[in-house]
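# A look at the structure
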Amino acid sequence: MGKDTAKLARGPLSLKKELTFQSVMLNYGLYIAMLATFATFAIINDKFLSLNNVVNVFEQAAYYLVCAVGITFVLVSGNNDMSVGSQIAFSSVIATIFLAQGGSIPLSMGMMLVFALVIGLCNGLFVVIIGLPPFIGTIATGYVVRGIAANMTKQETQYGLPAAYTQFAWNKTLGLSNLTWIAIAITLLGLYILHFTSFGRKVFACGGNAKAAEVMGINVKRVKIACYMISALSAAIAAMMLMSRLGAARSGTAETLHTECVAAAVIGGTSLKGGQGSVLGTLLGVFFIAMIRNGLNSQGVNAYWQLVFTGGITLLGAILDSYKSRANAAV
Amino acid sequence: MEQKEKDYLVIEDIHKSFYGVEVLKGVSFSAAAGEVHGLLGGNGAGKSTLMNILGGIYSKDSGRIFIDGKEANITDSKAAERAGIAFIHQELKLFGLRSVAENIMISNLPTKGPFHFVDDKKKNEIAKQYLDEVGLQVSPTTRLDELSIAEQQQVEIAKALSLNAKVLIFDEPTSSLTSRETNILFGIIRQLKKNGACIIYISHKSDEIFEICDKVSVLRNGENVGTRDTANTTNDELVSLIIGRKLDQYFPELPPAPGPEAETVLEVKGLVNKKLNGVSFALRKGEILGLFGLMGAGRSETARAIFGLDHLFSGEIYMEGSQVKISSPRKAMKTGISFLTENRREEGLVLNADIRKNLTFPILSRVSVPGIGCIRAKTEMSLVKEAFKRFLIKATGPEQRAATLSGGNQQKVVLSKWFMTDSKVLILDEPTRGVDIGAKAEIYQLITEMVEKGLSVILISCEESEMMGMCHRILVMRDGEIIGEFQRDETTQEELVGLCIGGKAV
């Protein structure tokens, strides 16, 4: 016994010693990359790290952060949700049409949340109950709802939101815009639910080992469906934020949002294999991507190159994730 | 030594560990061409691991393999194929939707023309040749899944022949065959033997070993404990080789067995499903009831059915006298049943989570505020710290990831997790598998302590010594039925093993 334990106790340590550079890069590589990029931009552009710019970036990324926090739940539960961008397009278009015809604001919000619950439930049914691969099941729902929105609007941008709605985004409280405060609130709520409640624990169990979770008496299907509903709800809130900010809605909106959210989560240490991740990590990931975009923007890099860049970052994050889980499995 | 040089396949001093647990401790054996060599041993003796090393699925830690006098470096399954080793798996690994010919020829499809189109005519011709060799009368163009399991197995053998395999490994080939099909298979094996193949035959069934094998080697705890000519040995000798010496010094003293007057905690009547043919028994309060049998005999299946993991066609479950319906593990836990599954890495632990989380997953409602579900960190931590002390978990702390623990400590975490649920009945499926001897003794001690406090335990194991050392009463299962019941002092290890492998009881 003694010998065996000693051998095992030495195992991971000696591994670390041998692979110092590698393990540092695996665990902190992204942060190092982040710091390096920030430093580069800061040297080129002295306003890059100014408080003003940072606050500004945060405000622009607010709706995207809300969405990414929701997606983190789905990722940790071991699934993926490709439909968030389409959900935003769908509910913002319908709510804008409704509001432009004089509908009440609270009713429109209630409507959006109900739609979200239904779409989240559908995603859950397809993926968790019927067992479709998440990529197929949620892309399909995404196409359906975006298609409906495109048909309703003939792909024209919808205007006519009441002034109170559009003004909200631009009002400030304690120096920060309202949208920023909402994003902070949602992030804190997500942090609390995922990391400090029994439901959050169950999400980790289901994503980490669904079989074991079932044996431990956790209703795996219910938890995974609930995660889809959480993601859909946060997409609905993101949609409201986007409407308020843009004063309009369009069926073609947020087409790459899902990828960016997943990229942010993965950069923040959430595993695509489930069972691992954190809301704070996602916050960091969102901030990283938004800051770099801002830096590229200020250098006059066009949006298409930024897309290439986002793709590259996602790839890097995913590769690190895959190396990390392999290293974990080897212990 | 001279004999050894003549042997076609020589395995020398193979070692292999998984997650720090040594599964093979220097296995050596050899087999000649034109010989059928049986491989016997209990579950976990290392047979499958050894054969997977031969097949290139696992890589060995050390040791050497010689084929036809030359050292073979088997790094992957392709290398095994090149070395002429073929594996007829317990569960067939074929493509159900493709034709028989394609399945046989998949690794070297004949092609024609500059664009290397598959030459279908040639493919079917060659496949037919091999089908004839194994005596299978089907057209090469038949879709594989239209064949019976036995016929599919023959296709797999034909495939092995097409790869020029000289060493054929059969891993419990008769487990899903009827006796008529078994006879056909034995015919094929005899033919292969006549053609000079070297055949390794893994089985649990001693009568088959005596019928088809020339020699037999017995593995126990990762070592070859003896090779015999089947003509010069007896069933009894093989049984005693499988069991080995007794190890009861590891077992603590059990609390006295509850008598027939003791209260019945759990009773099941006529459990029937795909794997079970009417299982009935009663568990008394404070009793350790052993369920013994080979893998697939219905032991784990009984536990899974009781715990709501497998569906039941019919049968009744009573908990403390009143009938309960258990449709999910959650319901089972509510009625007071816990279940430690046999494979802790797959079904016991969330490996990426830390020990603290793993310990409290089943009791989240107890460590969180009702209604809003907020985890009460202090309550949780004090429970976890207590578990560390009481159940002797050795780790750097509650935050250590479960994946990085040794097998024994992982098992203690799973065990503690279930102890903490305060269940009335705990079902333990192979609680000491892949655990070193020290941790084993500690686990036995913990189980005994909990039983003294009134827990009732169903202990499933394929180690007969564990049955004899840890159970008040033992039920022997075979083919989904209970075929024997013994009080602890009424039986011997030999009798138990004899019943399981189907030979006559000693």
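A brief report on the enclosed structure follows.

Rules used in this analysis
Residues numbered from 1 in each chain as written. Chains lettered and ligands numbered in written order. Predicted model: local features only at pLDDT ≥ 70, side-chain atom pairs only at ≥ 80, totals over all residues. Heavy atoms only, no water. Axes fitted to C-alpha atoms, helices over the stretch in contact; angles between N-to-C directions. Helix = DSSP H or I, 4+ residues; strand = E, 2+ residues; numbered from the N terminus. Parallel < 35°, antiparallel > 145°, perpendicular 65-115°, else oblique. Left-handed = near helix turned anticlockwise from the far one by under 90°. Contact = heavy atoms within 4.5 Å. Nonpolar A, V, L, I, M, F, W, Y, C, P; charged D, E, K, R; others polar. Core = buried A, V, L, I, M, F, W, Y, C linked by side-chain atoms within 4.5 Å. Buried < 20%, exposed > 50% of the residue type's maximum accessible area, 1.4 Å probe, protein only. Buried area = accessible area lost by both parts, 1.4 Å probe. Salt bridge = Lys/Arg side-chain N within 4 Å of Asp/Glu carboxyl O. Patch = residues over 30% accessible without salt bridge, like charges linked within 9 Å, V, L, I, M, F, W, Y side chains within 5 Å. Areas by Shrake-Rupley, 256 points an atom, 1.4 Å probe, with all protein chains shown as cover. Pairing = 2+ DSSP bridges. Lys, Arg positive; Asp, Glu negative; His and termini not counted. Charge placed at Lys NZ, Arg CZ, Asp CG, Glu CD.

Residues and elements named next belong to chain A. Viewed as axis vectors pointing N to C, helix H5 (residues 84-100) and helix H12 (residues 220-246) meet at an angle of 50°, and their least axial separation amounts to 8 Å. Considered as vectors, H5 and H12 are oriented oblique to each other. Of the two elements, H5 crosses H12, and the hand of that crossing is right-handed. Of the residues in H12, those in contact with Val84, Gln87, Ile88, Ser91, Ser92, Ala95, Thr96 and Leu99 of H5 are Ser231, Ala232, Ala235, Ala236, Ala238, Ala239, Leu242 and Met243.

Another aspect to go through is the packing of helix H3 (residues 51-60) of chain A against helix H14 (residues 279-298) of chain A. Residue and element names in this part refer to chain A. The contact between H3 and H14 brings their axes to 9 Å, and the two run at 115°. In terms of orientation, H3 lies roughly perpendicular with respect to H14. You can see that H3 and H14 cross each other, and the crossing is right-handed. Of H14, the residues touching H3 (which contributes Asn53, Val54, Val57 and Phe58) are Leu283, Phe287, Ala290, Met291 and Asn294. Looking at side-chain class alone, the contact of H3 with H14 contains seven nonpolar, two polar and no charged residues.

A few words on the nonpolar core. Formed by 162 residues in total, the largest nonpolar core has its most connected members in Leu266(B), Ile288(B), Phe307(B), Ile337(B), Leu359(B), Trp418(B) and Ile427(B). Not counting chain neighbours up to four residues away, the residues in contact with Phe307(B) comprise Val215(A), Ile326(B), Ser328(B), Pro329(B), Ala332(B), Met333(B), Ile337(B), Ser338(B), Phe339(B) and Trp418(B). Core analysis: the next-biggest nonpolar cluster, separate from the first, contains 43 residues, Ile88(B), Tyr130(B), Val138(B) and Leu192(B) among them.

On to the interface of chain A and chain B. Tallying the contact residues gives 25 residues for chain A and 38 residues for chain B. For the pair chain A and chain B, the two sides together bury roughly 2,800 Å², of which 60% comes from carbon and sulfur. At the junction of chain A and chain B, the tally comes to one salt bridge. Glu380(B) is paired through a salt bridge with Arg201(A); the nearest N and O atoms lie 2.6 Å apart. Of all the secondary-structure elements, those providing two or more residues to the side of chain A that touches chain B are helix H1 (2-18), helix H9 (178-196), helix H10 (198-208), helix H11 (210-215) and helix H15 (303-330) of chain A. Looking at which element gives the most residues to the side of chain A that touches chain B, the answer is H10(A), with six residues.

Residue and element names in this part refer to chain A. A contiguous nonpolar patch, built from Phe21, Val24, Met25, Tyr28, Tyr31, Ile32 and Leu284 and spanning about 650 Å² of accessible area, is present on the exposed surface. Of the residues forming the nonpolar patch, the biggest block, six residues, is contributed by helix H2 (residues 20-44). Among the secondary structure elements, methionine 25 is positioned in helix H2. Judged by its relative accessible area of 33%, methionine 25 falls in the partly exposed class.

What follows covers the sheet that holds strand E14 (residues 276-284) of chain B. Residues and elements named next belong to chain B. Taken in spatial order, the four strands of this open sheet run E14-E13-E16-E17, and their pairing is antiparallel. Pairing within the sheet leaves two strands with one partner each, and these edge strands are E14 and strand E17 (322-324). Taken pair by pair, the neighbouring strands of this sheet meet at an average axis angle of 20°, ignoring direction. In this fold helix H10 (residues 299-306) packs onto strand E13 (264-273), E14 and strand E16 (314-319), with an angle of close to 75° to the strand it touches most, E14.

This part takes up a positive patch on the surface. Taken together, the side chains of Arg222(A), Arg330(B), Lys331(B) and Lys334(B) define a basic patch exposed on the protein surface. Sort the elements by how many residues they give to the positive patch and helix H11 (residues 329-334) of chain B lands first, with three residues. Structurally, Arg330(B) can be placed in helix H11.

On to the environment of Val301(A), then. Residues and elements named next belong to chain A. By secondary structure assignment, the location of valine 301 is in the loop between H14 and H15. Looking at valine 301, the relative accessible area reads 25%, which means it is partly exposed. Non-local contacts of valine 301, meaning those with residues more than four positions away in its chain, are made with Leu296 and Gln306.

Let us look at the sheet that holds strand E5 (residues 70-71) of chain B. Residues and elements named next belong to chain B. One open sheet holds the four strands; their spatial order is E2-E1-E4-E5, and the pairing between them is antiparallel. The sheet is open, and its two edges are formed by strand E2 (21-31) and E5, each paired on a single side. Bridging between strand E1 (residues 9-18) and strand E4 (residues 62-67) involves five bridges; their strand directions are antiparallel. Following the sheet pairing, isoleucine 11 is matched in E4 by isoleucine 65.

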